[in-house]
Amino acid sequence: MIIRYSGCEGSILLDDTIDFKGEKNAPANRNSARGYEVIDSIKAEVEKACPSTVSCTDILALAAREAVVMTGGPYWPVSLGRRDGLTANQAAVAQELPSPIESLDDITAKFTSKGLDVKDVVVLSGAHTLGFAQCFLIKRRLFNFKNTGKPDPALESSALTSLQGMCPNKDASNANLAPLDSTTTRFDNSYYTNIVNNAGLLDSDQALLMNPTTGEMVRSYSSNPYQFYSDFAASMVKLSSVGVLTGKNGEIRKKCGSVN
């Protein structure tokens, strides 16, 4: 699920214009959030069949669910009727979107400000069972952890060696991609197993094990995939209800990349 800084209203889909800076090119999203063309293609087909009826935001919420289901994950009901936002705020992305180098307390605070809780932090982090991260996000762990000039001592040795090969210590590797877990195209609980084995990719991933409350949940999900699936579905229902616009507070865009 791609959610903007204020809620689930599709502003991340808006393209930059001469006098408008959208959220696609915010540092946290650039070359990271992907698949916009898929949503644009779906929207074009929907508009042919039902003009001005289904919002881009609803399409995004449905596509997120279907992507999880198609890769082996759980199904959850998606409420419909969202409107698309009329603007975006690139600067606010850095303030509101959780960063993988932030502390667990700071990440949790950003979740709770949206009506979510620490359980949602752990559960929704499990979405990292799919996809990749850019090397610039993890090189500090691999070569200069906390300015020691050495790797993170908690990172499992074979994972460290593998990641250093993918992300060599030079600027040219910053945009290289490293898998978020060992099964990048299958939705499963390997993300949590990796963390338990001290092979979590991001700082924010491995930090979940260090806290007694979140660590207990990580260990539980690593051994009980069905509980993870159930809880993930419940958390996605909550997430897709954050900051929803309805009625005259938004619109149904004709094209997802621009307001009407």
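Just so you know, these numbers come straight off a predicted model, no measurement behind them.

Asker: Mind showing me how you'd approach the pattern of salt bridges here?
Answerer: One side chain can pair with another of opposite charge once the charged atoms of both are near each other. Evaluated as defined, the whole model comprises 14 salt bridges. Across the salt bridge formed by aspartate 58 and arginine 82, the nearest N and O atoms sit 2.7 Å from each other. One end of the pair, aspartate 58, is in helix H2 (residues 56-70); the other, arginine 82, is in the loop between H2 and helix H3 (90-96), with 24 residues separating them in the sequence. With respect to class, aspartate 58 is no different from arginine 82; both count as buried. Taking the shortest distance from any N to any O, the salt bridge between glutamate 66 and arginine 65 comes out at 2.4 Å. Each of Arg140, Arg141, Asp152 and Asp203 takes part in one network of salt bridges that share partners.

Asker: Would you mind going over the packing of aromatic side chains with me for this structure?
Answerer: For any pair of aromatic rings, geometry is given as the distance between the ring centres together with the angle between the planes. Tallied over the entire structure, the rule returns eleven aromatic pairs. Judged by centre distance (4.9 Å) and plane angle (75°), the rings of tyrosine 192 and phenylalanine 228 are edge-to-face. Taken together, the residues span a long stretch of sequence, with tyrosine 192 in helix H8 (residues 190-196) and phenylalanine 228 in helix H11 (residues 225-239) at a distance of 36 residues. Summarising the burial analysis for this pair, tyrosine 192 and phenylalanine 228 share the class buried. Relative to tyrosine 229, the ring of tyrosine 226 has its centre 6.2 Å away and its plane inclined at 85°; by these criteria the two rings are edge-to-face. On the criterion of helical spacing, the pair formed by tyrosine 226 and tyrosine 229 is a turn pair, its members being three residues apart in helix H11. Accessibility expressed as a relative area gives 66% for tyrosine 226, which makes it exposed. Given the relative accessible area of 17%, tyrosine 229 is considered buried. Over the face of the ring belonging to tyrosine 36 we find lysine 24, whose NZ or CZ atom lies 4.5 Å from the ring centre.

Asker: Explanation requested: the state of the cysteines in the structure shown.
Answerer: Disulfide: a covalent bond formed between the sulfur atoms of two cysteine residues. In total, this model carries two disulfides according to the counting rule given. The side chain of cysteine 56 participates in a disulfide bridge whose partner is cysteine 256; the two sulfur atoms lie 2.1 Å from each other. On the sign convention where negative is left-handed, the bridge of cysteine 56 and cysteine 256, at about -100° about the S-S bond, is left-handed. Here cysteine 56, found in helix H2, pairs with cysteine 256, found in the segment after H11; they are 200 residues apart in sequence, far enough to count as distant. In the protein, numbering the disulfide-bonded cysteines from first to last in sequence yields the connectivity 1-4, 2-3. The thiol of cysteine 8 is unpaired, and the distance to the nearest cysteine sulfur, on cysteine 56, comes to 12 Å. Sulfur of cysteine 50: no disulfide; nearest cysteine sulfur belongs to cysteine 56 and is 14 Å away.

Asker: So what exactly am I meant to see when it comes to the packing of helix H9 (residues 203-210) against helix H10 (residues 212-223) here?
Answerer: For any two helices packed against each other, one specifies the crossing angle of their axes together with the interaxial distance. Running from N to C, H9 and H10 cross one another at 100°; their axes reach a closest spacing of 5 Å. Relative to H10, H9 is oriented roughly perpendicular. Here H9 contributes Ala207, Leu208, Leu209 and Met210 to the contact with H10, which in turn contributes Pro212, Thr214, Gly215, Val218 and Arg219. Across the contact of H9 with H10, the residue classes tally to six nonpolar, two polar and one charged.

Asker: What should I look at first to understand the confidence of the model for the protein in this one?
Answerer: Detailed reading of predicted coordinates is not advised where the pLDDT is low. Overall, the predicted model of the protein reaches an average pLDDT of 92, with 98% of residues at or above 70. Contacts of residues 1-5 to residues separated by more than four positions or lying in other chains number 25 contacts, the stretch itself having pLDDT below 50.

The rules behind each value
- Residues numbered from 1 in each chain as written.
- Predicted model: local features only at pLDDT ≥ 70, side-chain atom pairs only at ≥ 80, totals over all residues.
- Heavy atoms only, no water.
- Salt bridge = Lys/Arg side-chain N within 4 Å of Asp/Glu carboxyl O.
- Helix = DSSP H or I, 4+ residues; strand = E, 2+ residues; numbered from the N terminus.
- Buried < 20%, exposed > 50% of the residue type's maximum accessible area, 1.4 Å probe, protein only.
- Phe/Tyr/Trp six-rings, centres within 6.5 Å; stacked < 30°, edge-to-face > 60°.
- Lys NZ or Arg CZ within 6 Å of the ring centre and 35° of its normal.
- Disulfide = S-S within 2.5 Å.
- Axes fitted to C-alpha atoms, helices over the stretch in contact; angles between N-to-C directions.
- Parallel < 35°, antiparallel > 145°, perpendicular 65-115°, else oblique.
- Contact = heavy atoms within 4.5 Å.
- Nonpolar A, V, L, I, M, F, W, Y, C, P; charged D, E, K, R; others polar.
- pLDDT = per-residue confidence, 0-100.

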